[in-house]
Amino acid sequence: MSDRIESRLKEDRRFPPSKSFSDRARVASHAAYESMHRQSLEEPDVFWREHTTELVWREPWTKFSEWSLPTARFFVGARLNITESCLDRHLATPHRTKAALIWEGEPGDTRTLTYFELHRHVVRMAAALTDLGVKAGDRVAIYMGMVPEAVVAMLACARLGAPHSVIFGGFSSDALRDRINDCGAKVLLTQDGSWRRGNIVPLKKMADAALEQAPTIEKVVVLKRIGHDREPVVMKEGRDVWWEDLMERPASPTSVAHARKPDAFDAEHPLFVLYTSGSTGKPKGVQHTTAGYLAGVHLSTKYVFDLRDDDVYWCTADIGWVTGHSYIVYGPLSCGATCMMYEGAPNFPDWSRFWQIIERHGVSILYTAPTAIRAFIRAGDEWPKKHDLSSLRLLGSVGEPINPEAWMWYHRVIGAERCPIVDTWWQTETGAIMLTTLPGAAFTKPGSTGLPFFGVDIAVVKDRGEPCAPNEGGKLVVRRPWPSMARTLWGDDERYRKTYWDVIPDVYFTGDGSRRDEDGYFWVVGRIDDVLNVAGHRIGTAEIESALVSHPAVAEAAAVGRPDDLKGQALCVFVTLKAGKKAGRDLKDALAAHIDREIGKFARPDVIRFTDSLPKTRSGKIMRRLLKEVASGGETKGDTTTLEDFSVLAKLRTDEE
Ligand code: WT7
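Since the structure is predicted, the reported quantities are computational estimates derived from the model, not experimental observations.

What's the story with the packing of helix H4 (residues 44–51) against helix H12 (residues 291–304) in this structure? I'm lost.
A pair of packed helices is captured by two measures, namely the crossing angle of their axes and the spacing between those axes. Look at H4 against H12: their axes get within 11 Å of each other, and the N-to-C directions meet at 70 degrees. In terms of orientation, H4 lies roughly perpendicular with respect to H12. Facing H4, whose interface residues are Phe-47, Trp-48 and His-51, H12 presents Ala-295, His-298, Leu-299 and Tyr-303. For the contact of H4 with H12, the residue count by class is 5 nonpolar, 2 polar and no charged.

Shown next, in the form of structure tokens:
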């Protein structure tokens, strides 16, 4: 049998949920899923009314939705404070003393915060922020590691109606500065440093560098995580305050009263701005609002993870990405879940760390990324085999297509062939999971991301919007607005419309290519725009290129992805130099360091190639498709008739790396 046919057969394997799982599942059959999905689209008012009763509404909504694309509003007329659904509502129930967060630091220290304690911290922080001048509508930047205080920070902002913008701790100071300036943040919450693989990420030092050119920041709150001996920081008089001091000194009585009984905001009040990469050099500030986002993450957490009261749920994402926002903070807390949170690297001090955490804390649901799974496969089965993983009952995957081999390993070695796997497809812009299989209701197929979630009307279409036939590849689009969708890009309604709503008439374009098979299962192939997915991080090729050309030696640059066993995609850049600049090892190192500075270490190219010129069309457009083929070492199969100078290509292919 040829490899091709064999892999096709493998892809077609189906894994039904076990009877014991289905018997206890919230949605226990395909028919039940289908009828709920149908109702969510045909009678959305009824569906969402029924499924949002647990949430805390200060004013009820009068109408489910109202839209005139690309503007959409959901839960019209409602007023709420999202943190009351995530915290206050649990205080009157036995959840009061339940662990909201079980946290483990990289050095091995642990902390548990009950719902009562988390609420108390959030109220205190909200009062302190009020005293620092934060009001509803003000933006607050958060540049922290994976510590419980980062969750407190987000919720304290939300409590005040001050949109937060979390900037991933792996971003450089330049990237931090640009994001702060774009959203005009007034306050920055950060920490002295955070632990990563035994090293210290000097967050406060990087913040100081960023703030030299970020005039909107008035106050900086600094959490002490590492301590003065290891990571001394300089506090700027009048601007910087210690987190600990703020929490200890009494806030003004009016601020405290206001934090205890916070304001209710309109359903469409902005909750956060989260920057992500697009196809230009400028990151997009994806803006989410309150009620629709809450409803989306609440419902998806509950049903996709089939969440039960005794679960210990662990999403391994960083709160700097949307997965952390939706599935560490707002989704699980609104469900009253116990969330595991881990500060450091998966391989510190060795590759058994994740499995140790699962064993030590009795984690029952694990939600992680294919790139991590592939790294674990490479490290060897002996690490998970050393640990008791019998507490696990459900596994999840997110961030990129999971290759069937990784899926099978996850199923066999981690799930002991017992745990269903939910492969969840969604985006920063969608706010919540859009495609997946509900674990008790549907069989899974390794490599397929499954079926539409409730309220999601999604399809694969051709360029003008005509539907594709089963198994025909096309563009993945959403055919009607959904509650948790981004409402705009911060300060740029026009770019929002152009990027998502103007590509294909009347629908939201995801930027992904996909097919839908004869069973209605989606197989997402990945981005079809100039955006890469490197180790689960979204990286815009244009961002890399504009960073490279800002280096004094670089004339022109083109960034492309090539398939990579571990990272999904690897980042390859082709660089032409200015006259008189010398190619070589030193310059490669300098360019890598330049990317670290401009964006962050995670965006460092895997391969840098110098070339005399780049292949271009007659109109001057760089032919990325050809470069991709060169980078992958494959044949240049495609059409080259528009290529201006054939010798460029021949040269590129024979060049040494
Ligand atoms: C892009 C969104 C969603 C949170 C993490 C990433 C790719 C995401 C899957 C999946 C295939 C996936 C898509 C999407 N993607 N999940 N299960 N199967 N592809 O969020 O940075 O906004 O990236 O990640 O290409 O468009 P993001």
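What is the right way to look at the domain arrangement of the protein in this model?
In many reports, interface size means the accessible area that the parts give up when they come together. Splitting the protein by domain gives domain 1 (43–345) and domain 2 (535–654). Look at where the C-alpha atoms of domain 1 and domain 2 centre, and you get two points 37 Å apart. Counting from both sides, the interface comprises 16 residues of domain 1 and, opposite them, 14 residues of domain 2. Between domain 1 and domain 2, a total of about 1000 Å² is buried, with carbon and sulfur atoms accounting for 49% of that surface. At the boundary of domain 1 and domain 2, one finds 1 salt bridge. Across the pair Arg-179 and Glu-543 runs a salt bridge whose closest N-O atoms are separated by 4.0 Å. On the surface where domain 1 and domain 2 come into contact, there are 6 residue pairs in polar contact (both at pLDDT 80 or more). The leading source of residues in the side of domain 1 that touches domain 2 is helix H8 (residues 173–183), at 3 residues. In the side of domain 1 that touches domain 2, the residues fall into 5 nonpolar, 8 polar and 3 charged.

Please explain the sheet that holds strand E19 (residues 394–398) as it appears in this structure.
Across a sheet, paired strands are connected by hydrogen bonds in the backbone, their directions being either parallel or antiparallel. Strands sit in the order E5-E4-E17-E16-E18-E19-E20 across an open sheet of 7 strands; the sheet is mixed. Looking at strand neighbours, the two that pair on one side only are strand E5 (110–114) and strand E20 (421–424), the edges of this open sheet. Across this sheet, the average inter-strand angle for adjacent strands is 20 degrees, counted without regard to direction. As paired strands, strand E18 (residues 365–368) and E19 are joined by 4 bridges and run parallel to one another. For Leu-366, the partnering residue across the bridge sits in E19 and is Leu-395. With respect to the sheet, helix H13 (residues 322–334) is in contact with strand E4 (99–104), strand E16 (312–315), strand E17 (338–342), E18 and E19, its orientation differing from that of E16 by roughly 160 degrees.

Whenever I open this one, the packing of aromatic side chains confuses me. Can you help?
Both the distance between ring centres and the angle between the ring planes are used here to describe each pair of aromatic rings. Taken as a whole, this structure holds 38 aromatic pairs when the rule is applied. Note on Phe-64 and Phe-74: the rings are 5.4 Å apart at their centroids and 65 degrees apart in plane angle, and the pair reads as edge-to-face. Note that Phe-64 is positioned in strand E1 (residues 63–68) and Phe-74 in strand E2 (residues 71–76), a separation of 10 residues in sequence. Between the aromatic rings of Trp-314 and Phe-354, the centroid separation amounts to 4.7 Å while the plane-to-plane angle is 55 degrees, which identifies the pairing as tilted. Of this pair, Trp-314 sits in strand E16 while Phe-354 sits in helix H14 (residues 353–361), and the two are 40 residues apart along the sequence. The exposure class assigned to Trp-314 is buried, which follows from its relative accessible area of 1%. By relative accessible area, Phe-354 is classed as buried at 5%. Three or more aromatic residues joined by ring pairs form one cluster here, namely Tyr-33, Phe-47, Trp-48, Trp-57, Trp-61, Phe-64, Phe-74, Phe-75, Tyr-303, Phe-453 and Phe-454. Taking the ring centre of Phe-171 as reference, the NZ or CZ of Arg-179 above it sits at 4.2 Å. The residue whose ring lies beneath Lys-224 is Trp-242, and the NZ or CZ to ring-centre distance is 4.6 Å.

How should I be thinking about the nonpolar core in this particular structure?
Judged by nonpolar contacts, the single largest core of 125 residues is most densely connected at Phe-75, Leu-118, Met-125, Leu-129, Leu-189, Phe-305 and Tyr-330. Counting residues per element, this core draws most heavily on helix H7 (residues 148–160), at 10 residues. In this view, Met-125 contacts Val-152, Ala-156, Leu-189, Val-221, Trp-243, Leu-246 and Met-247; residues no more than four positions away in its chain are not counted. Listed in part, the 43 residues of the second largest apolar core include Leu-176, Ala-210, Trp-321 and Ala-603.

Which parts of the structure should I look at to understand the site of the ligand?
Asp-423, Thr-424, Thr-428, Asp-512 and Arg-538 are the nearest of the 18 residues found near the ligand. One of the side-chain N or O atoms of Arg-538 is found 2.8 Å from an oxygen atom in the ligand. Counting only elements with at least two residues in the shell around the ligand, the list comes to H13, E20 and strand E27 (522–527). Split by residue class, the shell around the ligand holds 6 nonpolar, 7 polar and 5 charged.

What exactly am I supposed to notice about the pairing of E20 here?
A regular strand places its side chains so that they alternate between the two faces of the sheet. Alternating residues of E20 divide into Ile-421 and Asp-423 and Val-422 and Thr-424, and every residue in both groups is buried. Where E19 meets E20, 4 bridges bridge the pair, whose relative direction is parallel. Across the sheet, the residue bridging to Val-398 is Thr-424, located in E20. With helix H17 (residues 404–414) bridging E19 and its parallel neighbour E20, the resulting β-α-β unit is right-handed.

When you look at the pattern of salt bridges in this model, what are you seeing that I'm missing?
Opposite charge on two side chains makes pairing possible when the charged atoms of those side chains draw close. A full pass over the atoms with the stated rule returns 50 salt bridges. A salt bridge links Lys-205 to Glu-231, with the shortest nitrogen-to-oxygen separation between them at 2.9 Å. Placement of Lys-205 in helix H9 (residues 203–211) and of Glu-231 in the loop between strand E11 (219–223) and strand E12 (240–242) is noted, with a sequence separation of 26 residues between them. Looking at Glu-231, the relative accessible area reads 7%, which means it is buried. Measuring nitrogen to oxygen at the nearest pair gives 2.8 Å for the salt bridge that ties Asp-311 to Arg-393. Taken together, the residues span a long stretch of sequence, with Asp-311 in the loop between H12 and E16 and Arg-393 in the loop between helix H16 (382–385) and E19 at a distance of 82 residues. With relative accessibility at 4%, the residue Asp-311 sits in the buried group. Each of Arg-14, Lys-445, Asp-517 and Asp-519 takes part in one network of salt bridges that share partners.

Cut-offs and rules
- Residues numbered from 1 in each chain as written.
- Predicted model: local features only at pLDDT ≥ 70, side-chain atom pairs only at ≥ 80, totals over all residues.
- Heavy atoms only, no water.
- Axes fitted to C-alpha atoms, helices over the stretch in contact; angles between N-to-C directions.
- Helix = DSSP H or I, 4+ residues; strand = E, 2+ residues; numbered from the N terminus.
- Parallel < 35°, antiparallel > 145°, perpendicular 65-115°, else oblique.
- Contact = heavy atoms within 4.5 Å.
- Nonpolar A, V, L, I, M, F, W, Y, C, P; charged D, E, K, R; others polar.
- Domains from an automatic or database assignment.
- Buried area = accessible area lost by both parts, 1.4 Å probe.
- Salt bridge = Lys/Arg side-chain N within 4 Å of Asp/Glu carboxyl O.
- Polar contact = N/O pair within 3.5 Å; in protein donor to acceptor, adjacent residues only side chain to side chain.
- Pairing = 2+ DSSP bridges.
- Phe/Tyr/Trp six-rings, centres within 6.5 Å; stacked < 30°, edge-to-face > 60°.
- Buried < 20%, exposed > 50% of the residue type's maximum accessible area, 1.4 Å probe, protein only.
- Lys NZ or Arg CZ within 6 Å of the ring centre and 35° of its normal.
- Core = buried A, V, L, I, M, F, W, Y, C linked by side-chain atoms within 4.5 Å.
- Near = heavy atom within 4 Å.
- Right-handed = clockwise from strand over helix to strand, strands pointing away.

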